[in-house]
Protein chains: 2
Amino acid sequence: MANYPQSVKLVEVGPRDGLQNEAEPIPTATKRELIHRLAGAGLPVVEATSFVSPKWIPQLGDAAELFPSIERKAGVHYPVLVPNMKGMERAVEAGVEEVAVFTAASESFNKKNINASIAESLERFEPVMALAQEKGIRVRGYVSCVLGCPYEGHIKPQAVAEVSEKLMEMGCYEVSLGDTIGSGTPLKAQTMLAAVAQRVAMDRLAIHFHDTRGQALANIQACLELGVATVDASVAGLGGCPYADGASGNVATEDVVFMLEGMGINTGVDLEKLHATAVWISQELGREPASKLGRIPVEKAIAPLGWK
Amino acid sequence: MANYPQSVKLVEVGPRDGLQNEAEPIPTATKRELIHRLAGAGLPVVEATSFVSPKWIPQLGDAAELFPSIERKAGVHYPVLVPNMKGMERAVEAGVEEVAVFTAASESFNKKNINASIAESLERFEPVMALAQEKGIRVRGYVSCVLGCPYEGHIKPQAVAEVSEKLMEMGCYEVSLGDTIGSGTPLKAQTMLAAVAQRVAMDRLAIHFHDTRGQALANIQACLELGVATVDASVAGLGGCPYADGASGNVATEDVVFMLEGMGINTGVDLEKLHATAVWISQELGREPASKLGRIPVEKAIAPLGWK
């Protein structure tokens, strides 16, 4: 029997996971407005930026300027990505209340991406976790490549479970399972999630799908059946490589909200406002929304949710 | 418990449901090549064209010229749409072995689309069915608006079940349930399909989703759980209104094949050839494929299916 959650917490990652892939620089004021609009649309968590070195990701090099300028809305969380202790110290200085750390379920991917083994990546986070605890900062963990790795191919569900459990043991309050390259399909997603849920309680798990092969919503639907109740998504599907090879990025928040609300699963999101935000940021970036909902007029897009 | 089929029969509708929406005329030779390529990629059913009046759908006005020129591959079916006896007679003359008739589960939609009630639309098909039986021609039935109507909104699953049962009683061998406007979400799709399956055996039902709101693959995944084993799809996602408002059309065959094969459900389709066909027809039409798979290089697109 399907075990759908009654409500889902959406974690909006567009301002970070989305904008970090943009070829052209985005003004800090535009990023700030995006974050304000997303919180205003009812998203309970808006990942704001990353305190990765500007040398690695110049797109988010304004994190120290951006973050303190955000008018934080009561009840909304604004995590930021931190890759190491240096980033953590800058994030603390900027006044963050939540951070996210990241590793992968693939040794090869970690080696190429951060030049560390999985174990080494976790060691690097030990001082980060300690400082977080001292400052009362919540820590979210990301595991990437949970359904496949561009270098290794298949990733064992057990490997995902192990690294997820370690992140929880180190003090993360939640682990987000990322299909970074969008290679997963529904049954594999369920198998992976079920394996992780043997080691980490389902209510501490989030799913994070990229739509590279169009499978993201189907994978989310399959995982909802197992009871997962936290879903990462990116407004307007930000996060693709529009200038590279047309590959899609994160699943689009507005398409996820349409599915969830259509299934009677509450998100707390005002879809009209979210749609307007998707259209607006896409205009700012000079392109069409990568979402389906964002490409049709809002009244038409959301009308079916009102049909009884 | 999910009741997934071991294999799925894909019904390729791109040459008809897709190309009928094109603003610019497509050369007959291009249509023929598309049909040949699709059959060559292993699609078991390729809906070839429509014998609707050229006044209504000039895009397919060359049906009588196109159909006899198709080199039919053994084992492949090439149904054509017929709206009435006139179309049926033209189709018979062209040498068809299978036709498809269509009505809707919505009275208002039928009134606007074909100026007939549901009952009247079925009456119009009586002589068509009689001629089909006389000539040994198979008849497929389409029901549109099964998950919503642009004029009426919600459509009762019972209404879909009733019209589907009538089409079977009239002699159709299969009924395709169409979410014409892409308004459905997974649980509603399951509820509708389950209601129809009370009246028509599941192995006589097909599902036909449009991706207007990005829900098509999630809806298909949800319906597969109930055991449906025939899925309509359109190569490169042909069938949108690229020149109108950017709305997506049919779900893309290559994205469906990726999902099915990734779930271990056999389709018999050569995804490499299908991908090449999607890229080729999109080039012919002067635009990007509307599929996700078609936008990334083929090796990258299909690699995950080989991962063990």
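- Where an unreviewed UniProt entry is consulted, chain A appears under the name hydroxymethylglutaryl-CoA lyase, with the organism given as Natronospira elongata.
- In its Catalytic activity (unreviewed entry) section, the UniProt entry covering chain A states "(3S)-3-hydroxy-3-methylglutaryl-CoA = acetoacetate + acetyl-CoA".
- Listed under Sequence similarities (unreviewed entry) in UniProt, the entry text for chain A is "Belongs to the HMG-CoA lyase family."

## Observations regarding the side chain of His210 of chain B
Residue and element names in this part refer to chain B.
Here's step 1: As for its position among the elements, His210 is in the loop between β8 (205-209) and α9 (216-224).
Here's step 2: Among the residues examined, His210 registers a relative accessible area of 11% and is labelled buried.
Here's step 3: Reaching out from His210, the side chain makes a polar contact with the side chain of Asn250 at a distance of 3.3 Å.
Here's step 4: Those residues within four positions of His210 in sequence are excluded, and the remaining contacts are Asp17, Asp179, Thr180, Gly182, Ala216, Gly249, Asn250 and Val251.

## Topic: the relation of the copies chain B and chain A
Here's step 1: Mapping chain B onto chain A is achieved by rotating through 180 degrees and translating by 0.0 Å along the same axis, at an RMSD of 0.0 Å. Within this description, the copies of the chain are treated as partners about a two-fold rotation axis. Considering only C-alpha atoms, the residue of chain B closest to the rotation axis is Ala218 of chain B, which sits at 1.9 Å.
Here's step 2: In this assembly the copies share their binding face: 100% of the residues contributing to the interface of chain B also contribute to that of chain A.

## Looking at a negative patch on the surface
Here's step 1: Taken together, the side chains of Glu107, Glu120, Glu123, Glu126 and Glu152 of chain A define an acidic patch exposed on the protein surface.
Here's step 2: Mapped onto the fold, Glu152 of chain A is located in the loop between β6 (138-144) and α7 (157-169).

## Brief notes about the sheet that holds β6 of chain A
Residues and elements named next belong to chain A.
Here's step 1: Within the open sheet, the nine strands sit side by side as β2-β1-β9-β8-β7-β6-β5-β4-β3. Their pairing is parallel. Edge positions in the sheet fall to β2 (45-46) and β3 (49-50), since each of these pairs with one other strand and no more.
Here's step 2: For β6 and strand β7 (residues 174-179), the ladder comprises four bridges, and the chain directions are parallel. Within the sheet, the bridge partner assigned to Val143 lies in β7 and is Leu177.

## Description of unusual backbone geometry
Residue and element names in this part refer to chain A.
Here's step 1: Its identity is not glycine, yet Ala236 carries a phi of approximately 60 degrees, on the positive side.
Here's step 2: Turning to its location among the elements, Ala236 is positioned in the loop between β9 (230-233) and α10 (253-262).
Here's step 3: Judged by its relative accessible area of 3%, Ala236 falls in the buried class.

## A closer look at the packing of helix α4 (residues 85-94) of chain A against helix α6 (residues 118-135) of chain A
Residue and element names in this part refer to chain A.
Here's step 1: Closest axis-to-axis distance for the α4/α6 pair is 9 Å, and the angle between their directions is 20 degrees. Here α4 lies roughly parallel to α6, going by the angle between them. With respect to the hand of their crossing, α4 and α6 are arranged in right-handed fashion. Residues Met85, Met88, Glu89 and Val92 of α4 lie in contact with α6, whose contacting residues are Pro127, Val128, Leu131, Ala132 and Lys135.

How each quantity is defined
- Residues numbered from 1 in each chain as written.
- Chains lettered and ligands numbered in written order.
- Predicted model: local features only at pLDDT ≥ 70, side-chain atom pairs only at ≥ 80, totals over all residues.
- Heavy atoms only, no water.
- UniProt positions renumbered as here; feature names shortened; annotations may be inferred.
- Helix = DSSP H or I, 4+ residues; strand = E, 2+ residues; numbered from the N terminus.
- Buried < 20%, exposed > 50% of the residue type's maximum accessible area, 1.4 Å probe, protein only.
- Polar contact = N/O pair within 3.5 Å; in protein donor to acceptor, adjacent residues only side chain to side chain.
- Contact = heavy atoms within 4.5 Å.
- Least-squares fit on C-alpha atoms with pLDDT ≥ 70 in both.
- Patch = residues over 30% accessible without salt bridge, like charges linked within 9 Å, V, L, I, M, F, W, Y side chains within 5 Å.
- Areas by Shrake-Rupley, 256 points an atom, 1.4 Å probe, with all protein chains shown as cover.
- Salt bridge = Lys/Arg side-chain N within 4 Å of Asp/Glu carboxyl O.
- Lys, Arg positive; Asp, Glu negative; His and termini not counted.
- Charge placed at Lys NZ, Arg CZ, Asp CG, Glu CD.
- Pairing = 2+ DSSP bridges.
- Axes fitted to C-alpha atoms, helices over the stretch in contact; angles between N-to-C directions.
- Parallel < 35°, antiparallel > 145°, perpendicular 65-115°, else oblique.
- Left-handed = near helix turned anticlockwise from the far one by under 90°.

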